[in-house]
Amino acid sequence: MEVEKVLEGLKWKHANEPEFLQAVKEVLESIQDVYNQHPEFEKAKIIERLVEPERVYMFRVPWTDDNGEVHVNTGYRVQFNGAIGPYKGGLRFHPSVNISIMKFLGFEQTFKNALTTLPMGGGKGGSDFTPKGRSDAEVMRFCQAFMQELYRYIGPDEDVPAGDIGVGGREIGYLFGEYRKLTHQFQGVLTGKGFEYGGSILRPEATGYGALYFVNGMLLTHHIDIQGKTLVLSGFGNVAWGAAKKATELGAKVLTISGPDGYIYDPAGISGEKIDYMLELRGSGEDICKPYADEFAGSTFFEGRKPWEQKADIYLTCATQNELNGEDAEIILSYKPLCVAEVSNMGCTAEAVNKFVEAKQLFAPGKAVNAGGVATSGLEMTQNSMRLHWSATEVDERLHYIMHSIHEQCVKYGTEPDGYINYVKGANVAGFMKVANAMLAQGIV
């Protein structure tokens, strides 16, 4: 395989999809050596098939607001690869949603799901609609209109969407209700549901919890105790909330949260009622974190700036894609941190990732670090199939085991001759080998 040749072909076909091309390039560069050791992969054109989604659905979503005005949004569902199980991946409602972001997320999801050890393929979907500033009734009408098209393409053994940015428990409830009405079926077709109708305990916290289990594994591999260490993290939604909660439980101190308006620095540490307040911020429907500084004395709000300028032992991206760039990476490296990890999907730009890896910085990619969310969604699917609920302890134990297994796979495939663990390479190779072997076994389909 010649990476540049494959990328040139993709650029010619998908020139206006930068996020997707960035994700593909990162994976192909990591797996090139391993791929070329398997001529059977080349003969079956595994790469050429792997970088194209199996199918993409794109549809209009007309809905009416509270004033009777008609709006039209675009809906997407990308079923990227189903070689190891039903398509699995979130729905994102955000103005930035486009086909490039949907394909990048579906591509990443394919490898992330493979790493979890659970039988799940990769998919992603969403719309350029935003719930922000909309009433519950408007959100309900949009979700119902969205599901009136999506329901044709999903099912518990076909494609199981979940939540993502802009899609929380409220939206999942409306989507599930419409699916049930349209199909006359009560199925585990969506994850992230309310506990009362099939949801799993710990799902809201799972991505953040899993990330800290993974980060703790990275540190323990180097005989470092996370207790007493400081963390800088971005975001203030469910992911950041779960990460802050678990980090505090493990004895670390969280110094920052952030939003589109800037970031909060709290030298006393974000714990206890401050973590609970993060949920209030998210529940307000406003993309701002400034009110935190007004609520808690001693904290400072830095308008229009990013938290990476603060010194800490551990840095975690918990907001969105490409939120940490090359300049940010240089600032972080100057502080000589213990660890940097992507908890958001592709939270670092390609330049930032290269800087961390070239500097032999302990760094891990999102497809490994943030797999706890989809892993717990997989556990929700299992509970739905069995018609039962596991306790919080049972779910947490399974989540801990899955993150430990992912870490072991990354170490296995990513350890270099000098002892440096290249988690980017390890995660990509481990996920790729599982998907590629499944594709090979199933023939040219």
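Here the structure is shown first, and the text comes after it.
Predicted, not measured: the structure shown is a model, and the values here were computed from it.

K.L.:
Quick question: what am I supposed to make of the overall build of the protein chain here?
P.N.:
Broken down by element type, the protein chain carries 17 helices and 13 strands. Whereas a compact globule of 445 residues would reach a radius of gyration of roughly 22 Å, the protein chain reaches 21 Å, a difference of no more than 12%. Taken along the three principal axes of its C-alpha coordinates, the protein chain extends 60 × 55 × 45 Å. Out of the 445 residues belonging to the protein chain, those deemed buried represent 56%. Nonlocal contacts in the protein chain, meaning residues at least 24 apart in sequence, comprise 72% of its contacts between residues at least 6 apart. Total accessible area on the protein chain stands at roughly 17900 Å², and carbon and sulfur atoms take up 50% of it. Side chains of the protein chain give 43 positive and 57 negative charges; the mean places of these two sets differ by 4 Å.

K.L.:
Can you help me understand the side chain of Glu 342 in this one?
P.N.:
If you trace the backbone, Glu 342 turns up in strand E12 (residues 339-342). One polar contact links the side chain of Glu 342 to the main-chain amide nitrogen of Gly 347, over a distance of 3.1 Å. There is a polar contact of 2.9 Å between the side chain of Glu 342 and the backbone nitrogen of Gly 366.

K.L.:
Got a minute to help me understand the sheet that holds strand E7 (residues 253-254) in this structure?
P.N.:
Two strands in a sheet stick together by hydrogen bonds in their backbones, pointing the same way (parallel) or opposite ways (antiparallel). If you walk across this open sheet you meet the 5 strands as E7-E6-E11-E12-E13, and the pairing is parallel. The strands lining the two open edges of the sheet, one partner per strand, are E7 and strand E13 (363-364). Relative to E13, E12 runs parallel, the two sharing 2 bridges. Counted as the bridge partner of Val 340 is Phe 363 from E13. Contacting strand E6 (230-233), strand E11 (314-317), E12 and E13, helix H8 (residues 203-221) crosses the sheet at an angle of about 150° to E12.

K.L.:
For this particular structure, what's the right way to read the sheet that holds strand E4 (residues 121-127)?
P.N.:
Pairing in this open sheet of 5 strands is mixed, and the strands run E1-E2-E4-E3-E5 from one edge to the other. Each edge of the open sheet is held by one strand with a lone partner, namely strand E1 (55-64) and strand E5 (159-162). Strand-to-strand twist across the sheet, computed as the mean angle between neighbouring axes with direction ignored, equals 20°. Pairing geometry for strand E3 (residues 87-93) and E4, over 5 bridges, is parallel. By the bridge assignment, Phe 93 is partnered in E4 with Ser 127. In the packing of helix H5 (residues 99-115) onto the sheet, contacts are made with E1, strand E2 (70-81), E3 and E4, and the angle to E4 comes to roughly 150°.

K.L.:
Help me understand the pairing of strand E9 (residues 262-265), please; the structure alone is not making it clear to me.
P.N.:
A regular strand places its side chains on the two faces of the sheet in alternate fashion. By the bridge criterion, 4 bridges tie strand E8 (residues 256-259) to E9 in an arrangement that is antiparallel. Bridged to Gly 259 within E9 is Gly 262. Hairpin connection, E8 to E9: the antiparallel pair is bridged by 2 residues. Here E9 runs beside strand E10 (residues 300-303); their pairing, made up of 4 bridges, is antiparallel. Bridge assignment links Tyr 263 to a residue of E10, and that residue is Phe 302.

K.L.:
Hey, could you run me through the pairing of E2 in this one?
P.N.:
When you tally the buried positions in E2, you get 9 out of 12 residues, the bulk of the element. Where E1 and E2 come together, 10 bridges link them in antiparallel fashion. Its bridge partner lying in E2, Arg 55 is registered against Gln 79. Once E1 ends, the chain turns through 5 residues before running back antiparallel as E2, passing Gly 68 with a positive phi of about 85°.

K.L.:
Help me out: how do you make sense of the pattern of salt bridges in this one?
P.N.:
Oppositely charged side chains can pair when the atoms bearing their charge come close. Per the counting criterion, the structure on display carries 23 salt bridges. Residues Glu 205 and Lys 245 are paired through a salt bridge, measuring 3.8 Å at the closest nitrogen-oxygen approach. On the criterion of sequence distance, the pair formed by Glu 205 in helix H8 and Lys 245 in helix H9 (residues 238-249) is long-range, its members being 40 residues apart. For Glu 205, a relative accessible area of 11% puts it in the buried group. Where Asp 294 meets Lys 290, a salt bridge forms, and the shortest distance between an N and an O atom there is 3.8 Å. Of the residues examined, Asp 294 reaches a relative accessible area of 61% and is grouped as exposed. Salt bridges sharing common partners tie together Glu 26, Glu 108 and Lys 367.

K.L.:
So what exactly am I meant to see when it comes to unusual backbone geometry here?
P.N.:
A negative phi angle is the norm for most residues apart from glycine, just as the trans form is the norm for most peptide bonds. Phi at His 184 takes a positive value of approximately 60°, unusual for a residue other than glycine. Relative to the assigned elements, His 184 resides in the loop between helix H7 (169-183) and H8. In this structure, Leu 202 is a non-glycine residue whose phi angle is positive, near 75°. Turning to its location among the elements, Leu 202 is positioned in the loop between H7 and H8.

K.L.:
Got a minute to help me understand the packing of aromatic side chains in this structure?
P.N.:
Two measures describe an aromatic ring pair: the distance that separates the ring centres and the angle between the ring planes. In this structure the tally under the stated criterion is 24 aromatic pairs. Ring centres of Phe 20 and Phe 80 lie 6.1 Å apart, and the angle between their planes is 50°; this geometry places the pair in the tilted category. Of the two residues, Phe 20 is situated in helix H2 (residues 18-35) and Phe 80 in strand E2; the sequence distance between them amounts to 60 residues. The residues Phe 20 and Phe 80 share a single accessibility class, namely buried. Members of the aromatic cluster, joined through ring pairs, are Phe 59, Trp 63, Phe 93, Phe 129, Phe 142 and Phe 146. Its end group placed over the ring of Phe 20, Lys 103 keeps NZ or CZ at 4.4 Å from the ring centre. Of note, Lys 246 hangs over the ring of Tyr 209, and the distance from its end group to the ring centre comes to 4.4 Å.

K.L.:
I keep staring at the side chain of Thr 191 and nothing clicks. Help me out?
P.N.:
Residue position: Thr 191 is located in the loop between H7 and H8. Overall, the relative accessible area of 0% leaves Thr 191 in the buried class. At 2.8 Å, the side chain of Thr 191 and the side chain of Lys 88 are in polar contact. Leaving out residues up to four positions away in the same chain, Thr 191 has contacts with Lys 88, Val 160, Pro 161, Ala 162, Gly 163, Ile 172, Ser 377, Glu 380 and Met 381.

Calculation notes
Residues numbered from 1 in each chain as written. Predicted model: local features only at pLDDT ≥ 70, side-chain atom pairs only at ≥ 80, totals over all residues. Heavy atoms only, no water. Helix = DSSP H or I, 4+ residues; strand = E, 2+ residues; numbered from the N terminus. Rg over C-alpha atoms; globule rule 2.2 N^0.38 Å. Buried < 20%, exposed > 50% of the residue type's maximum accessible area, 1.4 Å probe, protein only. Contact = heavy atoms within 4.5 Å. Areas by Shrake-Rupley, 256 points an atom, 1.4 Å probe, with all protein chains shown as cover. Lys, Arg positive; Asp, Glu negative; His and termini not counted. Charge placed at Lys NZ, Arg CZ, Asp CG, Glu CD. Polar contact = N/O pair within 3.5 Å; in protein donor to acceptor, adjacent residues only side chain to side chain. Pairing = 2+ DSSP bridges. Axes fitted to C-alpha atoms, helices over the stretch in contact; angles between N-to-C directions. Salt bridge = Lys/Arg side-chain N within 4 Å of Asp/Glu carboxyl O. Phe/Tyr/Trp six-rings, centres within 6.5 Å; stacked < 30°, edge-to-face > 60°. Lys NZ or Arg CZ within 6 Å of the ring centre and 35° of its normal.

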